Each structure stands twice: as C-alpha cells, then as structure tokens.
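# Breakdown of the fold
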Amino acid sequence: QNPYNGTWARDAFPVPVVHKDGKISLVGAKYFRSFDGNSGIANAINFKIQQYAFTFVGGNILADENGTCFIVNSTRRFNSTEADYTSAYGCKGVRLMKHINGIGDIDEVIKPIGQKTILTNTPEYVQDLQSWGYKVILLPVAKTPSYPNQTYANSLILNGTV
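As the structure is a computational prediction, the values presented were derived from the model and not from experiment. All residue numbers here refer to positions counted from 1 along the written sequence of the relevant chain. Where totals are concerned, whole chains, interfaces and linings use all residues; where local detail is concerned, this predicted model gives features only for residues with pLDDT of at least 70, and gives and counts side-chain atom pairs only at 80 or more. To obtain the side-chain values, all non-hydrogen atoms of the structure were included, while hydrogens and water were left out.

This next bit is on the pattern of salt bridges. Any Lys or Arg side-chain nitrogen located within 4 Å of an Asp or Glu carboxyl oxygen qualifies as a salt bridge. With the rule as written, the count across this model stands at one salt bridge. Between R76 and D105 there is a salt bridge, and its shortest N-O distance comes to 2.6 Å. One end of the pair, R76, is in the loop between β5 (68-73) and α3 (82-89); the other, D105, is in the loop between β6 (93-98) and β7 (110-114), and 29 residues separate them in sequence. When accessible area is computed with a 1.4 Å probe and restricted to protein chains, residues below 20% of their type maximum are described as buried, those above 50% as exposed, and intermediate ones as partly exposed. Classification of R76 as buried rests on a relative accessible area of 12%. Helix numbers and strand numbers start at the N terminus; a helix is a DSSP run of H or I with at least 4 residues, a strand a run of E with at least 2.

Given below as structure tokens:
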C-alpha cells in the first residue's frame, strides 16, 4: 500500500472556524486531488459552508493560540496567498516557513503546543521561531525506510499531553 495515495480528512474536508462573534462556520477550499468532501460534510451536519476558490491542503496550516498561522512555502500552497489564509481562516498573521524536508506540509515540521511553545524537528527553524518569541523544543527525527517522512511533529494533543 502506497502511503502517498489516499485522501486525508484533515487535508480534504472543510475546516471549522470560530468567528469573533462566537458563530461557527465551515470553510472549504478546493482539494488538489479529485475528491470533494466539503458539501458532503456540510450537509451531514447541517452547516452552511463558505467555499473559496484557492486550493488548500489541510496539513499545510497550523495556528498558535494567538492566531498566527504557519505554512510551509512549498508547492503544496498551490495557488493560495497569505490573504487567503487571513480572510478564510482568520489568521492574525502568517509565517511562511522555508521548505526544507518532507512533502511540504507544516504538520510534518512544527507543532504549536500553547504558551508560546513550538515543537519542531527542523533545526533550521529554531532561530526564526525564537526570534518571533517562541520557546522551541527540538524533536528527534523519525527515520524509517518504509515511510521516510514520518515525524513526531505530526501529533495529537489530548489533555495537555502530546
């Protein structure tokens, strides 16, 4: 089975957004593969969707607790701009990170965990992140021959545990 062929829910489904007034909406953009889960999800949970024309890969956007969004400046940005992220997802600022390794998604290389702390497996990011006021914890690099882009940064946080 090829790990590069498939559809990831986070990448292809709409993103829930909480607006300043407390209302929740779904934001949808085009997925780069021939799959459209936006309308199906919106219909299933009876939500309106705000559809955007730019192409979006959900693994290439993460935000810290203050609304700063991080994106790898890779080919996986497709036709999106910084303005797309601020208008569609409410990013208060956008930090474009250099594509250094992996497929070009931010969830492979950093993980904001709150309290101005970011985990990363990419030493080249440490200086920039620290200059922006973050405490940086460097993660080990996961090396496996079957899936070379495995990373500890692509993680889940539950009850304060990464």
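Moving on, we get to the state of the cysteines. Cysteine sulfur atoms that come within 2.5 Å of each other are treated as a disulfide pair. Tallied over the full model, the rule gives one disulfide. Each sulfur in the disulfide pair C69 and C91 lies 2.0 Å from the other. The disulfide joining C69 to C91 has a torsion of about -90° about its S-S bond and is therefore left-handed. Here C91 lies in the loop between α3 and β6 and C69 lies in strand β5, a separation of 22 residues in the sequence. By relative accessible area, which is 6% here, C91 ends up buried.

Glancing now at unusual backbone geometry. Positioned with a positive phi, F78 is a non-glycine residue whose angle comes to about 50°. Mapped onto the elements, F78 comes out in the loop between β5 and α3. Positive phi outside glycine occurs at K116, with the angle close to 55°. You can see K116 is positioned in the loop between β7 and β8 (117-120).

Moving on to the sheet that holds strand β2 (residues 24-30). In short, DSSP must find at least two bridges between two strands for them to pair. Overall, mixed pairing links the three strands, which are arranged β1-β2-β3 in an open sheet. Because the sheet does not close on itself, it has two edges, and the strands there are β1 (15-18) and β3 (49-55). Strand-to-strand, the axes of this sheet are offset by a mean angle of 35°, without reference to chain direction. Residues are treated as being in contact if the distance between any of their heavy atoms lies within 4.5 Å. The axes are straight lines fitted to the C-alpha atoms, using for helices just the contacting stretch, and the angles between their N-to-C directions are given from 0 to 180°. Against the sheet, α3 contacts β1, β2 and β3, and its axis sits at roughly 175° relative to β3.

Tracing the chain through its elements places A12 in helix α1 (residues 9-12). Taking the C-alpha atoms as reference points, A12 and F32, separated by 20 residues in sequence, lie 8.4 Å from one another.

Examined against the element boundaries, T55 turns out to sit in strand β3. Once residues within four sequence positions are removed from consideration, T55 is found in contact with K30, Y31, F32, R77, F78, N79 and S80.

Bringing the packing of aromatic side chains into the picture now. When the centres of two rings from Phe, Tyr and Trp lie within 6.5 Å, Trp using its six-membered ring, the rings pair. Their planes under 30 degrees apart give stacked, over 60 give edge-to-face, and anything left gives tilted. With the rule as written, the count across this model stands at nine aromatic pairs. Ring geometry for F70 against Y134: centres 5.7 Å apart, planes inclined by 70°, an arrangement best described as edge-to-face. On the criterion of sequence distance, the pair formed by F70 in strand β5 and Y134 in the loop between α4 (126-131) and β9 (135-138) is long-range, its members being 64 residues apart. Each member of the pair, F70 as well as Y134, carries the same accessibility label: buried.

Any functional reading would require information that these geometric values do not contain.
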